[in-house]
Amino acid sequence: MALHHLDEEPTPTGTLTLQTLSMPADTNPYGDIFGGWLMSQMDLAGAILAQEVAKGRVTTVAVGSMVFLRPVPVGATVSCYASAQEIGRTSIRTMIEVWIKVCKTGEVAKVTEGEFVYVAIDDNGRTRPVPRD
């Protein structure tokens, strides 16, 4: 996360890539949003960014460290922000931040972040180089 002055509110890092609503069907037994659902949203957001960078098909090859900072309540707007951290010959390493907005209170908070790595693949599923502009 970017450094901020003490009087500034933290803000998301990256580009808003995916936004959705947390629903009751996605909860764990305690009524909070299941971490696996949140992780799948992050993977989708990272893939959207990676396929733009790779100009085509990509697949997830690794998920790095993930930190869950707080539970996500049902009904929150879930926003995934993605940024490309490193572009290799065939791979794109991304950082995904997830922020929520709770409609009832207007509260905005970062809930998790994680590193996702994708590899560019061709129509046969074989690794291909990431195009350089």
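### Comments concerning the confidence of the model for the protein
Scored by pLDDT, the protein comes out at a mean of 92, with 94% of its residues at no less than 70. The secondary-structure element of the protein with the lowest mean pLDDT is strand β2 (residues 58-68), recorded at 94, while strand β1 (residues 15-21) shows the highest, at 98. Across residues 1-6, where pLDDT falls below 50, the model places ten contacts with residues more than four positions away in sequence or in other chains.

### A few points about the pattern of salt bridges
Applying the stated rule across the entire model yields five salt bridges. Glu107 is the partner of Arg70 in a salt bridge, and the nearest nitrogen-oxygen pair spans 2.8 Å. Remark: Glu107 occurs in the loop between β4 (91-101) and β5 (108-120) and Arg70 occurs in the loop between β2 and β3 (77-87); sequence separation between them is 37 residues. What makes Arg70 partly exposed here is its relative accessible area of 29%.

### What about the side chain of Asp26?
Here Asp26 shows up in the loop between β1 and α1 (35-54). Separated by 3.4 Å, the side chains of Asp26 and Trp37 make a polar contact. Once residues within four sequence positions are removed from consideration, Asp26 is found in contact with Asp32, Ile33, Phe34 and Trp37.

### So, the sheet that holds β3
On the basis of which strands lie adjacent, the open sheet formed by five strands has the order β1-β3-β4-β5-β2 and antiparallel pairing. The open sheet has two edge strands, β1 and β2, and neither has a second partner. Across this sheet, the average inter-strand angle for adjacent strands is 25 degrees, counted without regard to direction. In terms of strand pairing, β4 meets β5 through eleven bridges, oriented antiparallel. Bridge pairing links Trp99 to Lys110 in β5.

Here is what the cut-offs are and how they apply
- Here, residues in each chain are numbered from 1, in the same order as that chain's written sequence.
- A pLDDT threshold of at least 70 governs which residues receive local features in this predicted model, and a stricter bar of 80 or more applies before side-chain atom pairs are shown or counted, although totals over entire chains, interfaces and linings include all residues.
- Values shown for side chains rest on all heavy atoms present in the structure; no hydrogens or waters enter the calculation.
- You can read pLDDT as the predictor saying how much it trusts each residue, on a scale of 0 to 100.
- Comment: elements are numbered from the N terminus, with helices defined as DSSP H or I runs of at least four residues and strands as E runs of at least two.
- The contact definition used throughout considers only heavy atoms, calling two residues in contact when any of these lie within 4.5 Å.
- The term salt bridge refers to a pairing of a side-chain nitrogen on Lys or Arg with a carboxyl oxygen on Asp or Glu at a separation within 4 Å.
- The cut-offs for exposure are 20% and 50% of the maximum accessible area for each residue type, with area from a 1.4 Å probe on protein chains only; residues under the lower value are buried, those over the upper are exposed, and the others partly exposed.
- Polar contact is the term for a pair of N or O atoms within 3.5 Å; when the atoms are in protein, one must be able to donate a hydrogen and the other to accept it, and sequence-neighboring residues count only if both atoms are side-chain atoms.
- Paired strands, in this sense, are two strands between which DSSP finds at least two bridges.
- The convention used is that axes are lines fitted to C-alpha atoms, helices contributing only their stretch in contact, and that angles between N-to-C directions extend from 0 to 180 degrees.

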